[in-house]
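Close look at the chain arrangement
Okay, here's what each chain looks like letter by letter:
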Amino acid sequence: MSLKSKVSSLKSPMSETTAQVTQRTVRTTLDARPRTSDFPFVLVNMAMTADGKIATANRQVASFGSERDHEHLLELRATADAVMSGARTVDTMKVNLGPGGAKFRRRRRQRGLAEYNVRVLVSGNGSINPEAEVFKHRFSPIIILTTQQTAAAKLNQLRALADEVRVCGKTKINFRSALRWLHAQWGVDRLLCEGGGELNAALFQAGLVDELHLTVCPKVFGGRTAPTIADGSGALPLAAAARFKLKSTRRVADEMYLVYEKMSRVRSPGAHRKGEFIAITNPAPGAKWTDRSLTKFK
Ligand SMILES: NC(=O)c1ccc[n+]([C@@H]2O[C@H](COP(=O)([O-])OP(=O)(O)OC[C@H]3O[C@@H](n4cnc5c(N)ncnc54)[C@H](OP(=O)(O)O)[C@@H]3O)[C@@H](O)[C@H]2O)c1
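This write-up is about the structure you can find in this document. The structure displayed is predicted, hence computed values, not measured ones.

1. What to know about the packing of helix 3 (residues 67-77) against helix 5 (residues 102-110)
At a closest axis distance of 9 Å, the pairing of helix 3 and helix 5 adopts a crossing angle of 30 degrees. Taken together, the axes of helix 3 and helix 5 are roughly parallel relative to one another. Remark: the crossing between helix 3 and helix 5 carries right-handed chirality. Here helix 3 contributes E71, L74, E75 and R77 to the contact with helix 5, which in turn contributes K103, F104, R107 and R108. Its residues assigned to classes, the contact of helix 3 with helix 5 shows two nonpolar, no polar and six charged.

Okay, here's the thing in structure tokens:
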């Protein structure tokens, strides 16, 4: 990165308004990819502390971003056909996953989207709390993705709560087929995932996240059990890590707004750029890429 571009990405907070930052983010994410695939374009948006936590260890505090960050979340929702969250997020946070006020609904209509986004909840064994806030708001369809782990009685309970319940997987949700189904059956072209860490991890692991939007907030929670943006069992070899490229950085007051875009796991040797971790050694035909085939290009 040149000195000039480094400086411009750390402009003084007064030099750019929140609305400008948000509009720019929205423009770049909307330009990200022409819709040709049978999968939705998947964005993950999370606020995290400077030490990478998304809630305190006791999970009592999970809203710690500024009002600007909240506005940013609604702006991103206003680009998406559907918003998705995991069961523990829906249980612990008072969220309705809706589009917000008239201004955002107008933007949705201007973009040719439905006024209210579809809401997708993920609950592998159907443990989602039926009293959760999200079920108290009936402005748009609620879809629950679950697995065969959910007992018949629970499934019936979920069917009474949601507009559709889709069983996709034995014990874990098969997000590839779930997302293809959301695209085909519900017309979801852009899917915004808002956590938590377990759900995000499954999407990262399946290689389904196209863009990662992070707001880094000036706080440190600590706590080894505090959730992070991607929990689950994690990638073990380096080659299994989800790989991203930094697309934009903006500072507004004390928060940093970062956007990462997906890098394909393996790029052909020669296509690399200085400073990127890329595959430089072709494995034998049919063999898997390993950590040892990855190195830093200097
Ligand atoms: N700072 C932020 O931006 C932010 C945003 C969102 C959430 N949060 C915080 O994050 C915490 C919640 O995160 P979390 O990681 O504990 O929970 P989560 O990801 O919200 O939900 C986990 C649950 O979702 C279901 N699930 C997720 N992946 C699945 C898969 N591959 N297959 C089947 N089921 C799957 C399971 O439900 P079942 O148990 O029903 O099987 C699982 O227990 C809360 O404290 C919340 O406040 C913070």
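So much for the structure itself; the text now carries on.
2. Here we look at the nonpolar core
Judged by nonpolar contacts, the single largest core of 33 residues is most densely connected at M84, L145, F175, L179 and L203. Here the element with the most residues in this core is helix 7 (residues 175-186); it accounts for five residues. Contact partners of L145, with chain neighbours within four places excluded, come to M84, V120, L121, V122, S123, R166, C168, I173, F175, A178 and W181. The next biggest cluster of nonpolar side chains, apart from the first, holds 22 residues, and it includes L97, L161, V165 and L192.

3. Digging into the pairing of strand 6 (residues 190-193)
Residues R190 and L192 of strand 6 are buried on one face, and the alternating residues L191 and C193, pointing to the opposite face, are buried as well. Bridge analysis of strand 1 (residues 41-49) against strand 6 gives four bridges, and the strand direction is parallel. Paired with V44 across the bridge in strand 6 is C193. Where strand 2 (residues 82-86) meets strand 6, three bridges bridge the pair, whose relative direction is parallel. Looking across to strand 6, one finds that M84 is bridged to C193.

4. Thoughts on the packing of aromatic side chains
Evaluation of the coordinates by the stated rule reveals three aromatic pairs. Relative to F221, the ring of F64 has its centre 5.1 Å away and its plane inclined at 80 degrees; by these criteria the two rings are edge-to-face. Taken together, the residues span a long stretch of sequence, with F64 in the loop between strand 1 and helix 3 and F221 in the loop between strand 7 (211-217) and strand 8 (244-252) at a distance of 157 residues. Across the ring face of F139, the terminal group of R119 is positioned such that the distance to the ring centre comes to 4.1 Å.

5. Digging into the side chain of R108
Here R108 lies in helix 5. One buried charge, R108, has no salt-bridge partner; the nearest side chain with opposite charge is D81, at 5.5 Å. Among the polar contacts listed, one links the side chain of R108 to the backbone oxygen of A80, at a separation of 2.9 Å. Apart from residues no more than four positions distant in its own chain, R108 is found in contact with R77, A78, A80, D81, P99, L113, A114, E115, Y116 and N117.

Reading the values: the criteria
- Residues numbered from 1 in each chain as written.
- Predicted model: local features only at pLDDT ≥ 70, side-chain atom pairs only at ≥ 80, totals over all residues.
- Heavy atoms only, no water.
- Axes fitted to C-alpha atoms, helices over the stretch in contact; angles between N-to-C directions.
- Helix = DSSP H or I, 4+ residues; strand = E, 2+ residues; numbered from the N terminus.
- Parallel < 35°, antiparallel > 145°, perpendicular 65-115°, else oblique.
- Left-handed = near helix turned anticlockwise from the far one by under 90°.
- Contact = heavy atoms within 4.5 Å.
- Nonpolar A, V, L, I, M, F, W, Y, C, P; charged D, E, K, R; others polar.
- Core = buried A, V, L, I, M, F, W, Y, C linked by side-chain atoms within 4.5 Å.
- Buried < 20%, exposed > 50% of the residue type's maximum accessible area, 1.4 Å probe, protein only.
- Pairing = 2+ DSSP bridges.
- Phe/Tyr/Trp six-rings, centres within 6.5 Å; stacked < 30°, edge-to-face > 60°.
- Lys NZ or Arg CZ within 6 Å of the ring centre and 35° of its normal.
- Lys, Arg positive; Asp, Glu negative; His and termini not counted.
- Salt bridge = Lys/Arg side-chain N within 4 Å of Asp/Glu carboxyl O.
- Polar contact = N/O pair within 3.5 Å; in protein donor to acceptor, adjacent residues only side chain to side chain.

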